Amino acid sequence: MSHQGYLWANFTLGCIGFISSSFVIFTYFAWKQGRKSPGDIILALAISSVLFSTYWIVFPIYYISTNLADSSEDPGPLCKTFGMMSALGLSGQFIYNFAYCLTLRQAITNVLKLNQKFKLITQAICFVLTITIPTSLLINGQIGVDNMGICAFRLNETSIFIEIVLQFIYIISALYTIWFFYQNIPNDESLKSNKQKLIVRYVIYIGSTVIMLMFMAISNIAEAIISKSEINNNDAETFSLIANIASTAGPLMLCFVRLKNSQIRQKLKRLLSSAFMLEDKMEIEIPQKDLSASAADSQFSELQKNIRIFQIKTILRGIIHFYKKQNEANQIRNLDLNIQSVNSLSIEQPLMDKQLMYDSEEDYLDFTNSKALNNEYRIDFNTEERIANQNLSLYPEMVALSPLFFKILMQLDQMEIDASDSFSPEKNARTIENMVGPDGGKSGEFFFFTYDNKWILKTISLTELQAFRVIMPEYVHHMKQNKNSLINKIYGVFSIDMNQMQTSLSNDCSVYHMVLMKNLSQVPSRFVKRRFDLKGSEVAREVLKGKSDSIDLSKITLKDKDFFNTEQVVNIDLKSKQESIQNIYNLKVQEQLIRDAQFFEKAKLMDYSLLVMKVCWEEFLQENPGIYLSDIKKNFNELQFLQSKGDSKSTYYHIAIIDYLQEWNLKKQTEKAAKQVMAFSPNLDTSAQSPDVYAKRFIQNVVNKIF
């Protein structure tokens, strides 16, 4: 092949790559599901491919029109611009393909909660590397006319060796990703079809990138040999052309995956019919089967959903298994659980000052000297369940942390967990099926509400887990001393490692840490008429501003300003005509909230909220005639369940402090500083404050104002 033939062949490949990559970019903005992870990585890959394709469209024209091959002069800045375009496109494709494999692996193991930290760090590292590598090549004079006479980056022996090593590292990573799919997607009946289809499509894509990089490595080796010999450049050009064909296969495969989705085809048909005035001629119709499949989600999102269902059911079975074992052990010996101790998470931080929290030295020693604080108990799944799944490694390592402490809390509240009922996968099947993803607000945490509305499972971060374990003895002691505490108690903590490739429960992003809490509402959400989250700050603490007056307030969580605009106070009805009795009861609630806030101040915790719900029990009891209000009250202490005064129906306030495991760390300090800088106000009263300031503001702006 002649040199011009080589250029025009690459020009054709550039046009194909440009069209297919542009289509992928179009689908990112036109299709909502395409923006979900790993959609951001796919967008970056498509942009890198557009850059590289544009280079091969424009450069051949420039090369032939300027007779660059016959010119002995310095090609100048335009040639270096082309070289930079080529370097940016290639480095972007390499780096983001590496990130793509990493994101795919993470996306099928961590499906219960959003990992924004992983996403931001990955994007930041990829962007910096994509810009830094071509820039360093330009600074070192390695951008210009190469040995094949084209404007690109010139590689010396060292850089060729480094590039080849990196290419083979990616090849190993890509092959590992394919193996990872086979090993970590469960062999569940509901997943088999999607598993095979997904693996085939992504194996083709990843395989094409492996082939591309293999030929690029061979091309680089050939170029290094040619630069020191008299071998004809045609051999190097042949390898380079094959590498470019393979690189074009990547965006073509992504384009094919997008075109398989009927929603995208519908949007594309509408766009074409509108552009070419074909509305009357072009009939747009999607088969019902195809529409339902695309409306549900993309294939990858469908697989994530199925894995999510599988993981939730597995966790529920683990919890049932744990409480069954605990109950059996309690019948034989007092709290001596017959479950293996693993002791993997020890508390290295010093406990809080005992003088602040304990009445006596003996009381302090009773808690802190107990091995129960550091002990963990591995939950073994039933052998029958493992055999039925036919893949033993897919059952996670699940650990209950410090169960003695939580057993004490259950006994204090005279509560029992009927785990086989509340956490039954069969009875919770509808709830599990309807879960579309994390639902924890900005935190991205996972919430699971049991079908009987009694319990909540919520994921917490490793930092929150460590903070809680440090204060656990003081936490239990505070609850013993304040039996009407308005802190929404944690009745259990579990760590679940979903990735069998890891051995440590504390070092992998596929590990979930979950707390078990009582559901404050105890009823389906439709009976909760108002829900307020109060922190004491006025900065960004208003939801209703600018919203229509007809908005359904029961569907959203309102904040501080909304409360004072709609409710003003918690108006308790004690069925007493004596105002003094009303004031005494308000004072009891205030005093308890103050003690709880002071506990958090001593524990160095902040960012907690007072959750105030207004629940219409009359409607609920009418729909459930076998349930009585007297039985419902037993699930609350006397300060949590307060009848509302002035409402037309029997409405009660449900009150508790929630989200209280946040430490005053660098992240929160940075958040406060950033908001003050953006508002040009160094004294801005942001939500994030040091524990002492936070407690004082919480007492002043919430406790003393609403009661």
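Computed from a predicted structure; not experimentally measured. (Residues numbered from 1 in each chain as written. Predicted model: local features only at pLDDT ≥ 70, side-chain atom pairs only at ≥ 80, totals over all residues. Heavy atoms only, no water.)

Caption draft 1: Layout of the sheet that holds strand β12 (residues 641–643). One open sheet holds the 4 strands; their spatial order is β9-β11-β13-β12, and the pairing between them is antiparallel. The open sheet terminates on both sides in strands that have one partner only, identified here as β9 (528–534) and β12. On average, adjacent strands in this sheet sit at an angle of 20° to one another, irrespective of strand direction. Pairing geometry for strand β11 (residues 609–616) and strand β13 (residues 651–658), over 8 bridges, is antiparallel. When the sheet's bridge partners are listed, M613 is paired in β13 with H654. The sheet strands contacting helix α23 (residues 691–706) are β9, β11 and β13, and the helix crosses β11 at an angle near 25°. (Pairing = 2+ DSSP bridges. Helix = DSSP H or I, 4+ residues; strand = E, 2+ residues; numbered from the N terminus. Axes fitted to C-alpha atoms, helices over the stretch in contact; angles between N-to-C directions. Contact = heavy atoms within 4.5 Å.)

Caption draft 2: Up close: the state of the cysteines. All told, the structure shown has 1 disulfide when counted by the stated rule. Here C79 is linked by a disulfide to C151, with a sulfur-sulfur distance of 1.8 Å. Between C79 and C151 the disulfide shows an S-S torsion of about -115°. By sign, it is left-handed. Taken together, the residues C79 in helix α3 (residues 77–109) and C151 in strand β2 (residues 151–153) connect sequence positions 72 residues apart. According to the relative accessible area criterion, C79 is buried, its value standing at 0%. (Disulfide = S-S within 2.5 Å. Buried < 20%, exposed > 50% of the residue type's maximum accessible area, 1.4 Å probe, protein only.)

Caption draft 3: Looking closely at the nonpolar core. Grouped together as the largest cluster of nonpolar side chains are 126 residues, with contacts concentrated most on F423, I490, F494 and L610. The dominant element in this core, judged by the number of residues it contributes, is helix α10 (residues 299–332), at 10 residues. Not counting residues up to four positions away in its chain, the partners in contact with I490 are F406, L409, F468, Y475, V515, L516, M517, Y660 and L661. Listed in part, the 22 residues of the second largest apolar core include L7, L13, L137 and I150. (Core = buried A, V, L, I, M, F, W, Y, C linked by side-chain atoms within 4.5 Å.)

Caption draft 4: Region of the structure containing the pairing of strand β6 (residues 455–460). Within β6, 6 of the 6 residues are buried, leaving the element largely enclosed by the surrounding structure. Residues W455, L457 and T459 line one face of β6 and the alternating positions I456, K458 and I460 line the opposite face, and both faces are buried. For strand β5 (residues 447–449) and β6, the ladder comprises 3 bridges, and the chain directions are antiparallel. Residue pairing across strands places F449 opposite I456, the latter belonging to β6.

Caption draft 5: Representation of the packing of aromatic side chains within the structure. One pass over the full model with this rule turns up 34 aromatic pairs. Taking 5.2 Å as the distance between ring centres and 80° as the angle between the ring planes, the aromatic pair formed by W8 and F11 counts as edge-to-face. Taken together, the positions of W8 and F11, both in helix α1 (residues 3–30) and 3 residues apart, correspond to about one turn of that helix. For W8, a relative accessible area of 37% corresponds to the partly exposed category. Judged by its relative accessible area of 21%, F11 is partly exposed. Connected via pairs of aromatic rings, a cluster forms that spans F406, F468, Y475, F599, F600, Y608, Y660, Y694 and F698. The aromatic ring of F564 is capped on one face by K705, whose charged end is 5.9 Å from the ring centroid. (Phe/Tyr/Trp six-rings, centres within 6.5 Å; stacked < 30°, edge-to-face > 60°. Lys NZ or Arg CZ within 6 Å of the ring centre and 35° of its normal.)

Caption draft 6: Broad picture of a positive patch on the surface. Together, K32, R35, K36, K267 and R270 make up a positively charged patch on the protein surface. With respect to the secondary-structure elements, K32 resides in the loop between α1 and α2 (39–65). (Patch = residues over 30% accessible without salt bridge, like charges linked within 9 Å, V, L, I, M, F, W, Y side chains within 5 Å. Areas by Shrake-Rupley, 256 points an atom, 1.4 Å probe, with all protein chains shown as cover. Salt bridge = Lys/Arg side-chain N within 4 Å of Asp/Glu carboxyl O. Lys, Arg positive; Asp, Glu negative; His and termini not counted. Charge placed at Lys NZ, Arg CZ, Asp CG, Glu CD.)

Caption draft 7: Representation of the packing of helix α14 (residues 403–412) against helix α17 (residues 462–481) within the structure. It is the contact of α14 with α17, at a shortest axis distance of 10 Å, that shows an interaxial angle of 20°. Of the possible angle classes, the one that applies to α14 and α17 is roughly parallel. Helix-helix and strand crossings are classified by hand; for α14 and α17 the assignment is left-handed. Two secondary-structure elements touch here, α14 through F405, F406, I408, L409 and L412 and α17 through F468, M472, P473, Y475, V476, M479 and K480. Among the residues forming the contact of α14 with α17, the class breakdown is 11 nonpolar, no polar and 1 charged. (Parallel < 35°, antiparallel > 145°, perpendicular 65-115°, else oblique. Left-handed = near helix turned anticlockwise from the far one by under 90°. Nonpolar A, V, L, I, M, F, W, Y, C, P; charged D, E, K, R; others polar.)

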